[in-house]
Amino acid sequence: MPQIELSGIRKAFKVYERPAGRWGLLKGAFKREVRSVTALDGVSFSVGEGELVGLIGPNGAGKSTTVKVMSGILTPDAGSCVINGRVPWKARVAHVSEIGVVFGQRSQLWWDVPVSDSFSLLRDIYGIPRERYESRLGGLCGALEVDSLLKTPARQLSLGQRMRCELVAALLHSPKLLFLDEPTIGLDAVSKLALRAFLKDENARSGVTALLTTHDMDDIEALCSRVMVIGRGKLLYDGGLPGLRERYAAYEGQDTDEVIARMYEEEAL
Ligand SMILES: Nc1ncnc2c1ncn2[C@@H]1O[C@H](COP(=O)(O)OP(=O)(O)OP(=O)(O)O)[C@@H](O)[C@H]1O
Ligand SMILES: [Mg+2]
């Protein structure tokens, strides 16, 4: 049985809009227009243990929504999702004990306390035995080079430093599965390379399955043998990067960003 199995997942959001213009604010207090935005329009895929899968697509395509459904943060309107044998939003506690999640745009570290305190809190939350915690923490801090940052409050870290700490936090309880939503956003070249190398190594060593969203095609090229393209809430491609290039490259030698831009154009995304 695949580790992740999504079938026909749909999710729409209600968006409340107030009339535009000077009087909009006042009118909006009495009457708000409600519009439904379809974020996911029947998404189905499965992922096997140990796979490294990239999820790409233009802004607003539904990538983060997919990650939120798989993490148990959002309940879809329709469809089924079974991960590690559970329905994420129904068995949240058991589910989160087996997954690690990083949202590049948001921090899971407590903002005002030293990073090491956040890690200790997570140790207690996940109930990680002390000895296992110490060795895991040591290993992760060494690999992601965060030893010198442990006493610093999260709010004083640079983006790249914080992202490395976020990964430590997500991996402390040795999850079987990692969901990374734009983990390399805003990172400098050195940090990006280090993060990619770490993920590749962690996958090879512990067989962790990882699904990551990104706008950086170098992430996909470096890490993922499989790429899924999502556009307007629908899965448009699921396969290897060479296959995607074959389908959309106008000429030999076009770089991956150009191929992806052409695909978004041709599919009118
Ligand atoms: N909480 C929400 N309320 C209303 N609409 C939402 C909400 N979350 C997402 N959406 C809408 O759902 C659609 C999909 O959003 P989502 O965040 O999944 O896109 P994305 O592929 O992650 O985009 P990006 O590359 O910009 O991060 C968008 O149209 C977005 O406006
Ligand atoms: Mg997103």
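Residues numbered from 1 in each chain as written. Chains lettered and ligands numbered in written order. Predicted model: local features only at pLDDT ≥ 70, side-chain atom pairs only at ≥ 80, totals over all residues. Heavy atoms only, no water.

Asks: Hey, could you run me through the packing of aromatic side chains in this one?
Replies: Each aromatic ring pair is summarised here by two numbers: the centre-to-centre distance and the angle between the ring planes. Applying the stated rule across the entire model yields zero aromatic pairs. Positioned above the aromatic ring of Tyr 133 is the side chain of Arg 123, whose terminal nitrogen or guanidinium carbon lies 5.1 Å from the ring centre. (Phe/Tyr/Trp six-rings, centres within 6.5 Å; stacked < 30°, edge-to-face > 60°. Lys NZ or Arg CZ within 6 Å of the ring centre and 35° of its normal.)

Asks: What is the right way to read the pattern of salt bridges from this model?
Replies: Note on pairing: side chains with opposite charge can pair once their charged atoms come close. One pass over the structure, following the stated rule, counts 17 salt bridges. Between Arg 155 and Asp 112 there is a salt bridge, and its shortest N-O distance comes to 2.6 Å. One end of the pair, Arg 155, is in the loop between helix H5 (130–144) and helix H6 (159–171); the other, Asp 112, is in the loop between strand E5 (99–103) and helix H4 (115–126), and 43 residues separate them in sequence. Note that Glu 166 is salt-bridged to Arg 162, the shortest N-O span being 2.7 Å. (Salt bridge = Lys/Arg side-chain N within 4 Å of Asp/Glu carboxyl O. Helix = DSSP H or I, 4+ residues; strand = E, 2+ residues; numbered from the N terminus.)

Asks: Explanation requested: a nonpolar patch on the surface in the structure shown.
Replies: A surface patch of nonpolar side chains, about 430 Å² in accessible area, is lined by Trp 23, Leu 26 and Phe 30. With respect to the element layout, Phe 30 can be found in helix H1 (residues 24–30). Judged by relative accessible area, which is 73%, Phe 30 ranks as exposed. (Patch = residues over 30% accessible without salt bridge, like charges linked within 9 Å, V, L, I, M, F, W, Y side chains within 5 Å. Areas by Shrake-Rupley, 256 points an atom, 1.4 Å probe, with all protein chains shown as cover. Buried < 20%, exposed > 50% of the residue type's maximum accessible area, 1.4 Å probe, protein only.)

Asks: What am I meant to see in the nonpolar core here?
Replies: Side chains of a nonpolar character, in soluble globular proteins, are inclined to be buried together. Within the largest apolar cluster, 49 residues are counted, with the highest numbers of intra-cluster contacts made by Ile 56, Phe 119, Leu 167, Leu 172 and Leu 244. With 25 residues, the next largest nonpolar core counts Phe 45, Val 101, Leu 177 and Phe 179 among its residues. (Core = buried A, V, L, I, M, F, W, Y, C linked by side-chain atoms within 4.5 Å.)

Asks: Whenever I open this one, the sheet that holds strand E4 (residues 78–83) confuses me. Can you help?
Replies: Think of a sheet as strands paired side by side through backbone hydrogen bonds, with each pair either parallel or antiparallel. In space, the three strands of this open sheet follow the order E2-E1-E4, with antiparallel pairing throughout. Edge positions in the sheet fall to strand E2 (33–47) and E4, since each has one partner strand and no second. Recorded for the sheet is a direction-independent mean angle of 30° between the axes of neighbouring strands. Bridge analysis of strand E1 (residues 4–17) against E4 gives five bridges, and the strand direction is antiparallel. Each residue of the ladder has a partner; that of Arg 10, found in E4, is Ala 78. (Pairing = 2+ DSSP bridges. Axes fitted to C-alpha atoms, helices over the stretch in contact; angles between N-to-C directions.)

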